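# Topology and contacts: notes
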Amino acid sequence: MDMELTQNFLRGKNPCAAGYRWFVRNNLAGGDYQAAMDTQVRAGRVEDARWLLQNFGPTNAVLEVEHLEADNLVFAGTVIVHGDVRVSGTLFVGRSLQAGAGIRAGRLEAGEDIHSGGAIFCGELLQAGGGIKAAWSVETQGDLRAEELRTGWELRCGGHVDVQGNIHAGQEVDVQGGLRCGKSLRAGAGIQVQGLLDVGHGIAAGDHIACGNHIQAGWGIKALGDMRAACSIRAGETLQAGGEIAAGPGYGVFAGMSVQMDAWPDCAWVRALRKPSSLVSGFWEDRPSFA
């Protein structure tokens, strides 16, 4: 069922004066919701269309195409693309975006999930109200925000990563800003984060973990290679590295921060190539880390 816009509704949402005058001048009141956004986008008023979707909300409409190529697209429902997606500017979807192949957009936002059968590349923000899943890599030059994140290959982000649930990357994780993960972070290769690395549950890396700030996890942290931070390393439970564990100058290495001291030998052991020089808490086990 089409949703009809009215001037009273718009006034109730306190639109900007210029946007409201343009809306009335182009006789969009009383018309179809999606048609009004299409008109705004064609006129280059993409932000007005985004505002409309954010305030009017998503619909159950479905747009299904073989391939999607556009300068900008704001669609209130679900977009299903059997092939690839190429949007040079803004792609804003009220519900889910499903692509059988790769997705490339200047800026990509979805109210629910984003699924790609290939890689996802964004020049700016990549955001989903639900999960982001890519069979290949995910790369964005700006921030990334989602409920869950899964990539078959690497994750690369030029901004900050903020994921409420789990992050699972098949290969490397490389983040220029900070990375916050509400649950667990797993990478098939190394993890490199320039800002704060903050994980609610555990961290597991198939190679090294390197951080330009603090590394902190509510559970354990495991790296098959070195584990290094410019500041402190803090784990609620165990620390395990195939190489060295090293905090920054003047900072400490802390294991067992969520465990009673009596339980450290079982729940807060520390294993590495050699004992960290700045180990403050936890039970050091003088044996090979991955024996």
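Each helix and strand in the protein chain was counted, giving five helices and 34 strands. Counted over contacts in the protein chain with a minimum sequence separation of 6, partners at least 24 positions apart contribute 14%. Entry remark: accessible area of the protein chain is about 13100 Å², with carbon and sulfur atoms responsible for 47%.

Looking at helix α4 (residues 46-56), one finds that the buried residues are V46, D48, A49, R50, L52, L53 and F56. Positive backbone phi, approximately 90°, marks G57, located one or two places after α4.

Another point: the pairing of strand β7 (residues 103-110). It is a general feature of regular strands that their side chains alternate between the two faces of the sheet. Among the eight residues that make up β7, six are buried, leaving the element largely enclosed by the rest of the structure. Alignment of strand β5 (residues 85-93) against β7, held across seven bridges, turns out to be parallel. Counterpart to L91 in the pairing with β7 is L108.

Time to look at the pairing of strand β11 (residues 131-134). Note that strand β8 (residues 114-116) and β11 share three bridges and pair parallel. Across the sheet, I114 pairs through a bridge with I132, a residue of β11. Relative to strand β14 (residues 148-151), β11 is paired through four bridges, and the arrangement is parallel. What sits directly across from A134, in β14, is T151.

So, on to helix α3 (residues 33-42). Where α3 is concerned, the buried positions are Y33, Q34, A36, M37, Q40 and V41. The buried residues of α3 occupy an angular sector of 160° when the element is viewed end-on, so they sit on one face. Phi turns positive, to about 85°, at G44, one or two residues after α3.

Here we take up the pattern of salt bridges. In total, this model carries 15 salt bridges according to the counting rule given. The partner of D84 in a salt bridge is R86, with the nearest N and O atoms 3.8 Å apart. D226 is the partner of R228 in a salt bridge, and the nearest nitrogen-oxygen pair spans 3.5 Å. Judged by relative accessible area, which is 36%, R228 ranks as partly exposed. In this structure, a network of salt bridges that share partners links the residues E47, R50, R107, E109 and E124.

A few words on the environment of V87. Here V87 is to be found in strand β5. Along the sequence, V87 and N72 sit 15 residues apart, while their C-alpha atoms lie 6.0 Å from each other. With sequence-adjacent residues up to four places away left out, V87 is seen in contact with L68, A70, D71, N72, L73, R104, A105 and G106.

Attention now goes to the packing of aromatic side chains. Taken as a whole, this structure holds one aromatic pair when the rule is applied. Here the guanidinium or amino end of R271 rests over the ring plane of W269, the centre of that ring lying 3.5 Å away.

This part is about the environment of A247. Summarising the element assignment, A247 is placed in the loop between β30 (245-246) and β31 (253-254). Taking the C-alpha atoms as reference points, A247 and N213, 34 residues apart in sequence, are found 9.6 Å from one another.

The next subject is the side chain of T90. Checked against the element boundaries, T90 lands in strand β5. Judged by relative accessible area, which is 10%, T90 ranks as buried.

Here the focus is the side chain of S137. Turning to its location among the elements, S137 is positioned in the loop between β11 and β12 (138-140). Since its relative accessible area comes to 13%, S137 is described here as buried.

Okay, the packing of α3 against α4 next. Relative to each other, α3 and α4 sit at 155°, their axes nearing to 7 Å. Relative to α4, the element α3 lies roughly antiparallel. Pair α3 / α4 crosses with left-handed handedness. Only V46, D48, A49, L52, L53 and F56 of α4 make contact with α3, whose side of the interface consists of Y33, A36, M37, Q40 and V41. A class-by-class count of the residues in the contact of α3 with α4 yields nine nonpolar, one polar and one charged.

Procedures and definitions
- Every chain's residues receive numbers from 1 upward, in the order its sequence appears when written.
- Local features are withheld for residues below a pLDDT of 70 in this predicted model, meaning they are given only at 70 or higher, and side-chain atom pairs are given and counted only at 80 or more; totals for whole chains, interfaces and linings count all residues.
- In computing side-chain values, all of the structure's heavy atoms are included and hydrogens and water are not.
- Runs of H or I in DSSP of at least four residues are treated as helices and runs of E of at least two as strands, each being numbered from the N terminus.
- Any two residues whose heavy atoms approach within 4.5 Å are treated as being in contact.
- Using a 1.4 Å probe, the Shrake-Rupley method yields the accessible areas, and only the shown protein chains count as cover for residues.
- To sort residues, take the accessible area from a 1.4 Å probe on protein chains only and compare it with the maximum for the residue type: under 20% means buried, over 50% means exposed, and anything in between is partly exposed.
- Strands pair, by our definition, only if DSSP identifies at least two bridges between them.
- This arc is taken over the directions from the axis of the helix to the C-beta atoms.
- Only one rule defines a salt bridge in this text: a Lys or Arg side-chain nitrogen within 4 Å of an Asp or Glu carboxyl oxygen.
- Two aromatic rings from Phe, Tyr or Trp, using only the six-membered ring of Trp, form a pair when their centres are within 6.5 Å; if the ring planes differ by under 30 degrees the pair is stacked, by over 60 it is edge-to-face, and anything between is tilted.
- Lysine NZ or arginine CZ positioned within 6 Å of the ring centre and within 35 degrees of the ring normal marks a charge as sitting over the ring.
- Comment: axis = line fitted to C-alpha atoms, over the contacting stretch for helices; angle = value between 0 and 180 degrees taken between N-to-C directions.
- In these notes the angle categories are as follows: under 35 degrees is roughly parallel, over 145 is roughly antiparallel, 65 to 115 is roughly perpendicular, and the rest is oblique.
- Take the far helix as your reference; a near helix turned counterclockwise from it by less than a right angle gives a left-handed crossing, and one turned clockwise gives a right-handed crossing.
- Amino acids are sorted into nonpolar (Ala, Val, Leu, Ile, Met, Phe, Trp, Tyr, Cys and Pro), charged (Asp, Glu, Lys and Arg) and polar (every other residue, Gly among them).

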